[in-house]
Amino acid sequence: MHSFGYRLNVLLTFAVTILALMCAMASLSDNLNTPSPSAEIQIMNINWFQKQPQGNDEVSLTMNISADLQSLFTWNTKQVFIFVAAEYETPKNSLNQVSLWDAIIPAKEHAKFWIHTSNKYRFVDQGNNLRGKEFNLTLHWHVMPKTGKMFANKIVMTGYSLPEEYR
C-alpha cells in the first residue's frame, strides 16, 4: 500500500492543479468583458503660461475631469490606475507626453467621478515649443486584476490649444 506521505503528496498536487485551473479560467473569463468607459476633460483656465529661466515653457491648467469607468470593473478587478496626459508634436519629437494628473480607483463605487483640479504635475516642454501649440488630452487607464494579465487603454480628446503669448 501507499504511505501517508505519498497520499498527502497526491492530494496536494491535485488541489494545486485544480487551483491553477480555476485561476486560468478566471483570468480568461475577464476577456469576455467589453468595457465602454467614457470621459470628458474641460480646460477651465490657463493659470499661467511662462518661460522658465532655463528657456523651457511651463503651463499650469485648471481642468474639470468627468469620467464613468465603472464598466472597467469586474469581479476580478483589484484597482484601476488612471492618468491624464497632454500629448503634442514638436520638430524634434513626433510624440511628447506629459503626465498632468493621476489617481487610483480602488472600487467600482468610486469609478464614476467629477473633479475640478489643477495639473498635479508640471507641464513643462524642454524648449520653447508650446506657444500656439495644439495638443490632445488623453485619459489612460491600467486595470490591475486580482489574477491574470493587466491591460491598458485610453481615450484621446482633441481640440485643445495654448495661447500664442506668455501670460
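Numbers given to residues run from 1 along each chain, matching the order in which its sequence is written. Residue-level local features of this predicted model are given only where pLDDT is at least 70; pairs of side-chain atoms are given and counted only at 80 or more, and the full residue set underlies all totals for whole chains, interfaces and linings. With hydrogens and water excluded, all non-hydrogen atoms of the structure serve as input to the side-chain values.

(A) Geometry of the overall build of the chain. Within the chain one finds one helix and eight strands. Where helices and strands are cited, they refer to DSSP runs of H or I of at least four residues and of E of at least two residues respectively, numbered from the N terminus. Shown N-terminal to C-terminal, the secondary structure of the chain runs as helices and strands in the order α-β-β-β-β-β-β-β-β. Relative to its length of 167 residues, the chain is extended, with a C-alpha radius of gyration of 23 Å against a globular reference of 15 Å. Once the C-alpha set of the chain is aligned to its principal axes, its extents read approximately 90 × 30 × 20 Å. Throughout, exposure labels follow a simple rule: accessible area from a 1.4 Å probe, protein chains only, divided by the maximum for the residue type, with under 20% read as buried, over 50% as exposed, and the rest as partly exposed. Taking all 167 residues of the chain together, the buried fraction comes to 37%. For this analysis, residues touch if any pair of their heavy atoms sits within 4.5 Å. A fraction of 66% describes how many contacts in the chain between residues 6 or more apart in sequence connect residues 24 or more apart. For the area figures, the Shrake-Rupley method with a 1.4 Å probe applies, and any residue is considered shielded solely by the protein chains shown. Carbon and sulfur atoms make up 56% of the accessible area of the chain, which amounts to about 10,400 Å² in all. When charges are counted, neither His nor the chain ends are considered; positive counts come from Lys and Arg and negative counts from Asp and Glu. By convention, charge coordinates are those of NZ in Lys, CZ in Arg, CG in Asp, or CD in Glu. Taking the average place of the 14 positive charges on the side chains of the chain and the average place of its 13 negative ones, the gap between the two points comes to 10 Å. C-alpha atoms define the radius of gyration, and 2.2 Å times the number of residues to the power 0.38 defines the globule rule.

(B) Molecular detail of the pattern of salt bridges. A pair is scored as a salt bridge if a Lys or Arg side-chain nitrogen falls within 4 Å of a carboxyl oxygen belonging to Asp or Glu. One pass over the full model with this rule turns up two salt bridges. Residue Arg122 pairs with Glu58 through a salt bridge whose shortest N-O separation is 3.3 Å. With Arg122 in the loop between strand E5 (112-118) and strand E6 (123-125) and Glu58 in strand E2 (residues 57-68), the pair connects residues that are 64 residues apart, well separated along the chain. Accessibility expressed as a relative area gives 9% for Glu58, which makes it buried. Linking Asp102 and Lys120 is a salt bridge whose minimum nitrogen-to-oxygen distance equals 2.8 Å. Highlighted residues: Asp102 in strand E4 (residues 96-105) and Lys120 in the loop between E5 and E6, separated in sequence by 18 residues. The exposure class assigned to Asp102 is buried, which follows from its relative accessible area of 16%.

(C) Seen up close, a nonpolar patch on the surface. Side chains of Phe14, Ile18, Leu21, Met22 and Met25 sit close together on the surface and give an oily, nonpolar patch of about 530 Å² of accessible area. Following the sequence through the fold, Ile18 ends up in helix H1 (residues 4-29). Surface patches are drawn from residues lacking salt bridges whose relative accessible area is over 30%; two like charges belong together within 9 Å, two nonpolar side chains (Val, Leu, Ile, Met, Phe, Trp, Tyr) within 5 Å.

(D) Broad picture of the domain arrangement of the chain. Delimitation of the domains relies on an automatic or database domain assignment. Domain boundaries assigned for the chain yield domain 1 (1-32) and domain 2 (35-161). On a C-alpha basis, the centres of domain 1 and domain 2 stand 42 Å from each other. Tallying the contact residues gives five residues for domain 1 and seven residues for domain 2. Accessible area that two parts lose when put together, evaluated with a 1.4 Å probe and summed over both, is termed the buried area. Between domain 1 and domain 2, the buried area comes to about 380 Å², and carbon and sulfur atoms account for 46% of it. Of all residues in domain 1, Ala26, Ser27 and Asp30 bury the most surface against domain 2, accounting for 78% of the area lost on that side. Where domain 1 packs against domain 2, one counts zero salt bridges.

(E) Representation of the packing of aromatic side chains. Planes of paired rings set the category: under 30 degrees apart is stacked, over 60 is edge-to-face and the rest tilted, where pairs are Phe, Tyr or Trp rings (Trp by its six-membered ring) whose centres lie within 6.5 Å. Here the structure, examined in full by the defined rule, presents six aromatic pairs. The interplanar angle of 35 degrees and the centroid separation of 6.3 Å between the aromatic rings of Trp101 and Phe113 together place this pair among those described as tilted. Remark: Phe113 occurs in strand E5 and Trp101 occurs in strand E4; sequence separation between them is 12 residues. Measuring from centroid to centroid gives 6.0 Å for Phe123 and Phe135, while their planes differ by 75 degrees, and the two rings are edge-to-face. In this pair, Phe123 sits in strand E6 while Phe135 sits in strand E7 (residues 134-145), placing the two residues 12 residues apart along the sequence.

(F) Structural detail: the nonpolar core. We call a set of buried residues a nonpolar core when its members are Ala, Val, Leu, Ile, Met, Phe, Trp, Tyr or Cys and they connect through side-chain atoms within 4.5 Å of each other. Core analysis: the largest hydrophobic core is formed by 33 residues, its most contacted members being Leu69, Ile82 and Phe123. With sequence-adjacent residues up to four places away left out, Leu69 is seen in contact with Pro37, Ser38, Ile82, Ile105, Ala111, Phe113 and Leu139.

(G) Inspection of the environment of Ser71 at higher detail. You can see Ser71 is positioned in the loop between E2 and strand E3 (77-88). The spatial distance from the C-alpha of Ser71 to the C-alpha of Ala107 is 11 Å, given a sequence separation of 36 residues.

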